[in-house]
Amino acid sequence: MPATVTLTTETTPTEQDIARVRAFLVDLQARICQALEGQEADGGGTATFVPDDWERPEGGGGRSCILADGKVIEKAGIMFSHIHVHDLPASATARHPDIAGRRAQAMGVSLVVHPTNPHVPTSHANVRLFIAEAANREPIWWFGGGFDLTPFYPVLADCKHWHQVCHDICAPFGDSIYPDFKQWCDEYFHLRHRNEQRGIGGLFYDDVNTESRGWDFDTCFELMQAVGNGYLEGILPIFEQRKNTPYTDEQREFQLYRRGRYVEYNLVYDRGTLFGLQSNGRIESILVSMPPLASWHYRFEPAAGTAEFELTDYYLKPQDWLTL
(Lines give C-alpha, C1' and ligand atoms only; values in the text may rest on other atoms or scores of the structure.)
Protein backbone atom coordinates (compact mmCIF):
# COMPACT_ATOMS: atom_id res chain seq x y z
CA MET A 1 0.00 0.00 0.00
CA PRO A 2 1.27 3.49 -0.74
CA ALA A 3 2.78 5.65 1.94
CA THR A 4 1.00 8.58 0.31
CA VAL A 5 -1.57 8.65 -2.44
CA THR A 6 -0.69 10.05 -5.83
CA LEU A 7 -2.63 13.06 -7.06
CA THR A 8 -2.65 13.47 -10.81
CA THR A 9 -4.67 14.46 -13.84
CA GLU A 10 -7.12 11.92 -15.19
CA THR A 11 -5.47 8.86 -16.67
CA THR A 12 -6.78 6.28 -19.09
CA PRO A 13 -6.29 2.61 -18.23
CA THR A 14 -4.33 0.72 -20.85
CA GLU A 15 -4.75 -2.88 -21.92
CA GLN A 16 -1.74 -3.65 -19.70
CA ASP A 17 -3.51 -2.01 -16.75
CA ILE A 18 -6.60 -4.11 -17.32
CA ALA A 19 -4.46 -7.24 -17.57
CA ARG A 20 -2.77 -6.39 -14.24
CA VAL A 21 -6.13 -6.02 -12.51
CA ARG A 22 -7.38 -9.28 -13.97
CA ALA A 23 -4.24 -11.13 -12.85
CA PHE A 24 -4.65 -9.82 -9.30
CA LEU A 25 -8.30 -10.88 -9.19
CA VAL A 26 -7.60 -14.39 -10.46
CA ASP A 27 -4.88 -14.81 -7.84
CA LEU A 28 -7.08 -13.30 -5.11
CA GLN A 29 -9.82 -15.83 -5.79
CA ALA A 30 -7.36 -18.71 -5.59
CA ARG A 31 -5.82 -17.47 -2.33
CA ILE A 32 -9.19 -16.96 -0.63
CA CYS A 33 -10.35 -20.43 -1.67
CA GLN A 34 -7.15 -21.95 -0.31
CA ALA A 35 -7.45 -20.10 3.01
CA LEU A 36 -11.08 -21.09 3.53
CA GLU A 37 -10.37 -24.71 2.61
CA GLY A 38 -7.72 -24.55 5.32
CA GLN A 39 -10.35 -23.50 7.85
CA GLU A 40 -12.62 -26.33 6.74
CA ALA A 41 -9.84 -28.91 7.05
CA ASP A 42 -8.68 -27.52 10.41
CA GLY A 43 -12.21 -27.97 11.74
CA GLY A 44 -12.32 -31.60 10.67
CA GLY A 45 -14.17 -31.13 7.41
CA THR A 46 -13.34 -32.52 3.99
CA ALA A 47 -15.33 -30.21 1.69
CA THR A 48 -13.36 -28.33 -0.96
CA PHE A 49 -14.14 -25.71 -3.58
CA VAL A 50 -15.38 -27.03 -6.91
CA PRO A 51 -14.55 -24.71 -9.83
CA ASP A 52 -17.10 -24.01 -12.55
CA ASP A 53 -15.74 -22.17 -15.60
CA TRP A 54 -18.28 -20.40 -17.78
CA GLU A 55 -18.50 -18.13 -20.80
CA ARG A 56 -20.87 -15.28 -21.58
CA PRO A 57 -22.47 -15.01 -25.06
CA GLU A 58 -21.72 -11.25 -25.25
CA GLY A 59 -18.10 -11.89 -24.36
CA GLY A 60 -16.00 -12.78 -21.38
CA GLY A 61 -16.80 -15.22 -18.62
CA GLY A 62 -15.51 -16.31 -15.28
CA ARG A 63 -14.87 -19.00 -12.72
CA SER A 64 -17.30 -19.77 -9.91
CA CYS A 65 -15.80 -21.72 -7.01
CA ILE A 66 -18.38 -23.30 -4.70
CA LEU A 67 -17.90 -25.13 -1.41
CA ALA A 68 -21.03 -26.84 -0.11
CA ASP A 69 -22.08 -28.95 2.88
CA GLY A 70 -18.87 -28.52 4.82
CA LYS A 71 -18.43 -29.12 8.51
CA VAL A 72 -17.12 -25.59 9.13
CA ILE A 73 -18.54 -23.81 6.07
CA GLU A 74 -22.07 -24.70 5.07
CA LYS A 75 -21.80 -22.84 1.78
CA ALA A 76 -19.33 -20.45 0.18
CA GLY A 77 -19.14 -18.95 -3.27
CA ILE A 78 -15.95 -17.21 -4.43
CA MET A 79 -16.66 -15.76 -7.86
CA PHE A 80 -14.36 -14.26 -10.48
CA SER A 81 -15.85 -12.69 -13.58
CA HIS A 82 -14.67 -10.55 -16.47
CA ILE A 83 -17.63 -9.81 -18.69
CA HIS A 84 -18.50 -7.59 -21.64
CA VAL A 85 -21.87 -5.81 -21.76
CA HIS A 86 -23.19 -4.40 -25.05
CA ASP A 87 -26.38 -2.85 -23.66
CA LEU A 88 -25.98 -1.39 -20.19
CA PRO A 89 -28.98 -1.95 -17.89
CA ALA A 90 -31.00 0.72 -16.11
CA SER A 91 -29.37 -0.14 -12.77
CA ALA A 92 -26.08 1.15 -14.21
CA THR A 93 -27.19 4.10 -16.36
CA ALA A 94 -29.58 5.53 -13.73
CA ARG A 95 -26.59 6.36 -11.51
CA HIS A 96 -24.32 7.24 -14.43
CA PRO A 97 -26.28 8.73 -17.35
CA ASP A 98 -22.98 9.51 -19.11
CA ILE A 99 -22.34 5.82 -19.81
CA ALA A 100 -25.66 5.25 -21.62
CA GLY A 101 -25.11 3.87 -25.11
CA ARG A 102 -21.58 2.69 -24.38
CA ARG A 103 -20.27 -0.81 -24.31
CA ALA A 104 -18.64 -1.87 -21.09
CA GLN A 105 -16.49 -4.44 -19.42
CA ALA A 106 -16.64 -5.30 -15.75
CA MET A 107 -14.32 -7.53 -13.77
CA GLY A 108 -14.22 -8.45 -10.13
CA VAL A 109 -14.16 -10.98 -7.35
CA SER A 110 -17.23 -11.30 -5.14
CA LEU A 111 -17.84 -13.74 -2.34
CA VAL A 112 -20.27 -14.76 0.34
CA VAL A 113 -19.41 -17.27 3.08
CA HIS A 114 -22.15 -18.88 5.20
CA PRO A 115 -20.49 -20.78 8.08
CA THR A 116 -22.20 -23.73 9.73
CA ASN A 117 -21.63 -22.57 13.31
CA PRO A 118 -23.96 -19.71 14.38
CA HIS A 119 -21.07 -18.16 16.31
CA VAL A 120 -19.12 -17.53 13.09
CA PRO A 121 -20.55 -14.57 11.16
CA THR A 122 -21.59 -14.61 7.55
CA SER A 123 -19.16 -12.50 5.54
CA HIS A 124 -19.24 -10.79 2.17
CA ALA A 125 -16.58 -9.10 0.05
CA ASN A 126 -16.39 -7.60 -3.41
CA VAL A 127 -13.77 -5.75 -5.43
CA ARG A 128 -14.40 -4.68 -9.01
CA LEU A 129 -13.35 -2.49 -11.95
CA PHE A 130 -15.86 -1.08 -14.45
CA ILE A 131 -14.93 0.50 -17.78
CA ALA A 132 -17.46 1.97 -20.25
CA GLU A 133 -16.10 2.56 -23.76
CA ALA A 134 -17.22 4.27 -26.96
CA ALA A 135 -15.49 4.87 -30.28
CA ASN A 136 -13.35 8.02 -30.40
CA ARG A 137 -14.13 8.88 -26.78
CA GLU A 138 -12.16 8.50 -23.57
CA PRO A 139 -13.28 5.52 -21.46
CA ILE A 140 -15.18 6.12 -18.25
CA TRP A 141 -13.87 3.92 -15.47
CA TRP A 142 -14.07 3.40 -11.74
CA PHE A 143 -13.28 0.95 -8.97
CA GLY A 144 -15.70 -0.22 -6.29
CA GLY A 145 -15.87 -2.77 -3.52
CA GLY A 146 -15.64 -3.40 0.19
CA PHE A 147 -16.47 -6.07 2.72
CA ASP A 148 -18.95 -6.43 5.58
CA LEU A 149 -19.75 -8.78 8.44
CA THR A 150 -23.13 -10.23 9.47
CA PRO A 151 -22.92 -11.89 12.90
CA PHE A 152 -25.71 -13.78 14.65
CA TYR A 153 -24.06 -14.05 18.08
CA PRO A 154 -21.59 -11.15 18.02
CA VAL A 155 -18.51 -10.84 20.20
CA LEU A 156 -17.37 -7.27 20.79
CA ALA A 157 -13.71 -8.19 20.32
CA ASP A 158 -14.51 -9.56 16.86
CA CYS A 159 -16.35 -6.39 15.89
CA LYS A 160 -13.44 -4.22 17.03
CA HIS A 161 -10.94 -6.44 15.21
CA TRP A 162 -12.97 -6.31 11.98
CA HIS A 163 -13.13 -2.52 12.02
CA GLN A 164 -9.49 -2.16 13.05
CA VAL A 165 -8.57 -4.08 9.89
CA CYS A 166 -10.84 -1.74 7.92
CA HIS A 167 -9.18 1.31 9.48
CA ASP A 168 -5.67 0.05 8.84
CA ILE A 169 -6.45 -0.75 5.20
CA CYS A 170 -7.70 2.79 4.60
CA ALA A 171 -5.07 4.71 6.60
CA PRO A 172 -2.45 5.01 3.81
CA PHE A 173 -5.04 6.59 1.52
CA GLY A 174 -6.03 9.43 3.83
CA ASP A 175 -7.52 10.07 7.25
CA SER A 176 -11.03 10.55 5.88
CA ILE A 177 -11.22 7.28 3.94
CA TYR A 178 -12.14 4.89 6.77
CA PRO A 179 -14.89 7.07 8.30
CA ASP A 180 -16.27 7.85 4.84
CA PHE A 181 -16.27 4.25 3.63
CA LYS A 182 -17.57 2.97 6.97
CA GLN A 183 -20.51 5.38 6.86
CA TRP A 184 -21.17 4.46 3.24
CA CYS A 185 -21.25 0.79 4.27
CA ASP A 186 -23.65 1.48 7.16
CA GLU A 187 -25.97 3.38 4.83
CA TYR A 188 -25.75 0.89 1.98
CA PHE A 189 -26.35 -2.31 3.98
CA HIS A 190 -29.52 -1.01 5.60
CA LEU A 191 -32.84 -2.85 5.27
CA ARG A 192 -35.15 0.13 4.95
CA HIS A 193 -38.32 -1.95 5.18
CA ARG A 194 -37.16 -3.29 8.55
CA ASN A 195 -35.21 -0.20 9.66
CA GLU A 196 -32.22 -2.28 10.71
CA GLN A 197 -28.68 -2.95 9.58
CA ARG A 198 -27.75 -6.15 7.79
CA GLY A 199 -24.74 -6.55 10.07
CA ILE A 200 -21.98 -4.56 11.74
CA GLY A 201 -20.73 -3.11 8.45
CA GLY A 202 -17.17 -2.64 7.35
CA LEU A 203 -16.21 -0.82 4.17
CA PHE A 204 -18.16 0.10 1.05
CA TYR A 205 -17.04 2.37 -1.78
CA ASP A 206 -17.91 3.02 -5.40
CA ASP A 207 -16.96 5.38 -8.23
CA VAL A 208 -13.32 5.60 -7.14
CA ASN A 209 -11.35 7.17 -9.97
CA THR A 210 -9.30 10.23 -10.86
CA GLU A 211 -12.31 12.49 -11.11
CA SER A 212 -13.78 11.57 -7.72
CA ARG A 213 -10.57 11.20 -5.67
CA GLY A 214 -7.79 12.89 -7.59
CA TRP A 215 -5.85 9.61 -7.65
CA ASP A 216 -4.13 8.09 -10.64
CA PHE A 217 -5.13 4.62 -11.87
CA ASP A 218 -2.36 2.88 -9.95
CA THR A 219 -3.45 4.37 -6.62
CA CYS A 220 -7.05 3.35 -7.26
CA PHE A 221 -5.81 -0.15 -8.08
CA GLU A 222 -3.73 -0.19 -4.88
CA LEU A 223 -6.94 0.47 -2.92
CA MET A 224 -8.55 -2.54 -4.63
CA GLN A 225 -5.60 -4.71 -3.67
CA ALA A 226 -5.64 -3.51 -0.06
CA VAL A 227 -9.35 -4.24 0.33
CA GLY A 228 -9.18 -7.59 -1.47
CA ASN A 229 -6.24 -8.76 0.63
CA GLY A 230 -7.76 -7.27 3.79
CA TYR A 231 -10.77 -9.58 3.73
CA LEU A 232 -8.70 -12.55 4.88
CA GLU A 233 -6.96 -10.41 7.51
CA GLY A 234 -10.39 -9.65 8.91
CA ILE A 235 -12.19 -12.97 8.72
CA LEU A 236 -9.56 -15.65 9.42
CA PRO A 237 -8.92 -14.72 13.09
CA ILE A 238 -12.69 -14.80 13.70
CA PHE A 239 -12.93 -18.28 12.18
CA GLU A 240 -10.01 -19.39 14.36
CA GLN A 241 -11.68 -18.12 17.53
CA ARG A 242 -15.31 -19.19 16.92
CA LYS A 243 -15.58 -22.20 14.59
CA ASN A 244 -15.39 -24.73 17.43
CA THR A 245 -17.71 -22.91 19.84
CA PRO A 246 -20.52 -25.26 20.97
CA TYR A 247 -24.03 -24.23 19.94
CA THR A 248 -27.58 -25.36 20.62
CA ASP A 249 -30.44 -26.28 18.31
CA GLU A 250 -32.12 -23.03 19.34
CA GLN A 251 -29.08 -21.02 18.30
CA ARG A 252 -29.03 -22.81 14.96
CA GLU A 253 -32.70 -21.94 14.46
CA PHE A 254 -31.96 -18.29 15.21
CA GLN A 255 -29.13 -18.33 12.68
CA LEU A 256 -31.52 -19.57 9.99
CA TYR A 257 -34.07 -16.91 10.96
CA ARG A 258 -31.50 -14.12 10.67
CA ARG A 259 -30.28 -15.53 7.35
CA GLY A 260 -33.72 -14.63 6.08
CA ARG A 261 -32.78 -10.97 6.48
CA TYR A 262 -29.73 -11.63 4.30
CA VAL A 263 -31.95 -13.02 1.58
CA GLU A 264 -34.32 -10.05 1.83
CA TYR A 265 -31.49 -7.57 1.42
CA ASN A 266 -29.83 -9.29 -1.53
CA LEU A 267 -33.06 -9.66 -3.48
CA VAL A 268 -34.48 -6.21 -2.76
CA TYR A 269 -31.56 -3.78 -2.51
CA ASP A 270 -28.24 -5.21 -3.63
CA ARG A 271 -26.91 -3.35 -6.69
CA GLY A 272 -24.84 -6.28 -7.87
CA THR A 273 -27.87 -8.56 -7.90
CA LEU A 274 -29.93 -5.99 -9.79
CA PHE A 275 -27.13 -5.35 -12.31
CA GLY A 276 -26.73 -9.07 -12.92
CA LEU A 277 -30.44 -9.69 -13.42
CA GLN A 278 -30.90 -6.66 -15.68
CA SER A 279 -27.82 -7.41 -17.80
CA ASN A 280 -28.88 -10.99 -18.56
CA GLY A 281 -26.22 -12.29 -16.24
CA ARG A 282 -25.52 -15.87 -15.27
CA ILE A 283 -28.27 -16.62 -12.77
CA GLU A 284 -26.36 -19.30 -10.86
CA SER A 285 -23.55 -16.84 -10.19
CA ILE A 286 -25.92 -13.99 -9.32
CA LEU A 287 -27.84 -15.98 -6.71
CA VAL A 288 -24.90 -17.90 -5.27
CA SER A 289 -25.00 -15.50 -2.32
CA MET A 290 -28.19 -17.14 -1.08
CA PRO A 291 -27.72 -19.34 2.01
CA PRO A 292 -28.51 -23.05 1.62
CA LEU A 293 -31.07 -22.81 4.43
CA ALA A 294 -33.04 -19.89 5.85
CA SER A 295 -36.31 -19.40 7.66
CA TRP A 296 -38.93 -16.77 8.41
CA HIS A 297 -41.12 -16.52 11.51
CA TYR A 298 -44.14 -14.30 11.91
CA ARG A 299 -43.44 -11.49 14.41
CA PHE A 300 -40.58 -13.21 16.16
CA GLU A 301 -39.61 -11.13 19.20
CA PRO A 302 -36.64 -12.30 21.31
CA ALA A 303 -36.91 -11.82 25.04
CA ALA A 304 -35.20 -8.77 26.52
CA GLY A 305 -31.80 -9.54 28.01
CA THR A 306 -31.05 -12.47 25.70
CA ALA A 307 -28.22 -12.62 23.17
CA GLU A 308 -30.82 -12.70 20.41
CA PHE A 309 -32.36 -9.46 21.70
CA GLU A 310 -28.95 -7.82 22.07
CA LEU A 311 -28.15 -8.48 18.40
CA THR A 312 -30.73 -6.01 17.10
CA ASP A 313 -30.90 -3.82 20.20
CA TYR A 314 -27.17 -3.02 20.21
CA TYR A 315 -25.00 -4.65 17.56
CA LEU A 316 -27.14 -3.99 14.50
CA LYS A 317 -26.88 -0.25 14.95
CA PRO A 318 -24.07 1.90 13.54
CA GLN A 319 -21.35 2.17 16.18
CA ASP A 320 -17.91 3.70 16.50
CA TRP A 321 -16.43 0.25 17.02
CA LEU A 322 -12.85 1.44 17.43
CA THR A 323 -13.59 3.42 20.59
CA LEU A 324 -15.80 0.89 22.40
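Note that the structure is predicted; figures quoted are calculated from it, not measured.

Analysis parameters
- Residues numbered from 1 in each chain as written.
- Predicted model: local features only at pLDDT ≥ 70, side-chain atom pairs only at ≥ 80, totals over all residues.
- Heavy atoms only, no water.
- Core = buried A, V, L, I, M, F, W, Y, C linked by side-chain atoms within 4.5 Å.
- Buried < 20%, exposed > 50% of the residue type's maximum accessible area, 1.4 Å probe, protein only.
- Helix = DSSP H or I, 4+ residues; strand = E, 2+ residues; numbered from the N terminus.
- Contact = heavy atoms within 4.5 Å.
- Patch = residues over 30% accessible without salt bridge, like charges linked within 9 Å, V, L, I, M, F, W, Y side chains within 5 Å.
- Areas by Shrake-Rupley, 256 points an atom, 1.4 Å probe, with all protein chains shown as cover.
- Salt bridge = Lys/Arg side-chain N within 4 Å of Asp/Glu carboxyl O.
- Pairing = 2+ DSSP bridges.
- Axes fitted to C-alpha atoms, helices over the stretch in contact; angles between N-to-C directions.
- Parallel < 35°, antiparallel > 145°, perpendicular 65-115°, else oblique.
- Nonpolar A, V, L, I, M, F, W, Y, C, P; charged D, E, K, R; others polar.
- Polar contact = N/O pair within 3.5 Å; in protein donor to acceptor, adjacent residues only side chain to side chain.
- Phe/Tyr/Trp six-rings, centres within 6.5 Å; stacked < 30°, edge-to-face > 60°.
- Left-handed = near helix turned anticlockwise from the far one by under 90°.

What to know about the nonpolar core
Logical step 1: By size, the foremost hydrophobic cluster in this structure holds 66 residues, and its most contacted members are F143, F147, M224 and Y231.
Logical step 2: Of all the elements, helix α6 (residues 217–242) adds the most residues to this core, at 12 residues.
Logical step 3: Residues contacting M224, with those up to four places away along its chain left out, are V21, F24, L25, V127, R128, L129, F143 and Y205.
Logical step 4: Core analysis: the next-biggest nonpolar cluster, separate from the first, contains 13 residues, I83, A92, A104 and W142 among them.

Brief notes about a nonpolar patch on the surface
Logical step 1: On the surface, a nonpolar cluster with roughly 410 Å² of combined accessible area is contributed by L267, V268, L277, I283 and L287.
Logical step 2: Here I283 falls in the partly exposed class, since its relative accessible area comes to 40%.

Quick notes on the pattern of salt bridges
Once their charged atoms are close, side chains differing in charge can pair, the charge on each being opposite to the other.
Logical step 1: By the definition in use, this model includes 21 salt bridges.
Logical step 2: Across the pair R299 and E301 runs a salt bridge, and its minimum N-O distance is 3.6 Å. Comparing R299 with E301 shows no difference in burial state: the two are exposed.
Logical step 3: A single network of salt bridges, built from pairs that share partners, joins R95, R128, D206, D207 and R271.

Focus: the pairing of strand β5 (residues 122–134)
Looking down a regular strand, the side chains alternate between one sheet face and the other.
Logical step 1: The element β5 is largely enclosed, with a buried count of 10 among its 13 residues.
Logical step 2: Of the pairings in the sheet, the one linking strand β4 (residues 103–115) to β5 comprises 11 bridges and is antiparallel in character. Its bridge partner being in β5, Q105 is matched across the sheet by I131.
Logical step 3: Between β4 and β5, which pair antiparallel in sequence order, lie 6 residues.
Logical step 4: In this sheet, strand β6 (residues 137–150) lies alongside β5 in antiparallel orientation, the contact comprising 12 bridges.

Let's talk about the packing of helix α1 (residues 15–42) against α6
Logical step 1: Contact pair α1 / α6: the axes reach a minimum separation of 11 Å and the direction vectors enclose 0°. The angle between α1 and α6 falls in the class roughly parallel. Contacts between α1 and α6 involve D17, R20, V21, F24, L25, L28, R31, I32, A35, L36, Q39 and D42 from the first element and F217, D218, F221, M224, Q225, G228, N229, Y231, L232, L236, F239 and E240 from the second.
Logical step 2: When the residues that make up the contact of α1 with α6 are grouped by side-chain class, the tally is 14 nonpolar, 4 polar and 6 charged.

With respect to the side chain of K243
Logical step 1: Mapped onto the elements of the fold, K243 is located in the loop between α6 and α7 (249–268).
Logical step 2: A distance of 2.6 Å separates a polar atom in the side chain of K243 from a polar atom in the side chain of D42.
Logical step 3: In this structure, K243 is in contact with Q39, D42, G43, V72, N117 and V120, ignoring residues within four places of it in sequence.

Quick look at the packing of aromatic side chains
Logical step 1: Across all of its chains, the model carries 25 aromatic pairs by this definition.
Logical step 2: Taking the centre distance of 6.0 Å and the plane angle of 85° together, the rings of W141 and F143 count as edge-to-face.
Logical step 3: On the numbers, 4.1 Å between centres and 15° between planes, the contact of Y188 with F204 is stacked. Of this pair, Y188 sits in helix α4 (residues 177–188) while F204 sits in strand β9 (residues 201–208), and the two are 16 residues apart along the sequence.

Some remarks on the packing of helix α3 (residues 156–170) against α6
Logical step 1: Across the interface, α3 lies against α6 with an axial gap of 10 Å and an inter-helix angle of 165°. In this view, α3 runs roughly antiparallel relative to α6, as classed from their interaxial angle. The interaxial crossing formed by α3 with α6 has right-handed handedness. In this structure, α3 uses D158, H161, W162, V165 and I169 to contact α6, whose residues at the interface are A226, V227, G230, Y231, E233, G234, I235, P237, I238 and R242.

Some remarks on the sheet that holds strand β1 (residues 50–55)
Logical step 1: The strand order across the open sheet formed by 7 strands is β1-β2-β3-β4-β5-β6-β9, and the pairing between neighbours is antiparallel. Each having just a single partner strand, β1 and β9 make up the two edges of the open sheet. Strand after strand, the sheet turns through a mean of 5° between neighbouring axes, direction not considered.
Logical step 2: In this sheet, β9 lies alongside β6 in antiparallel orientation, the contact comprising 6 bridges.

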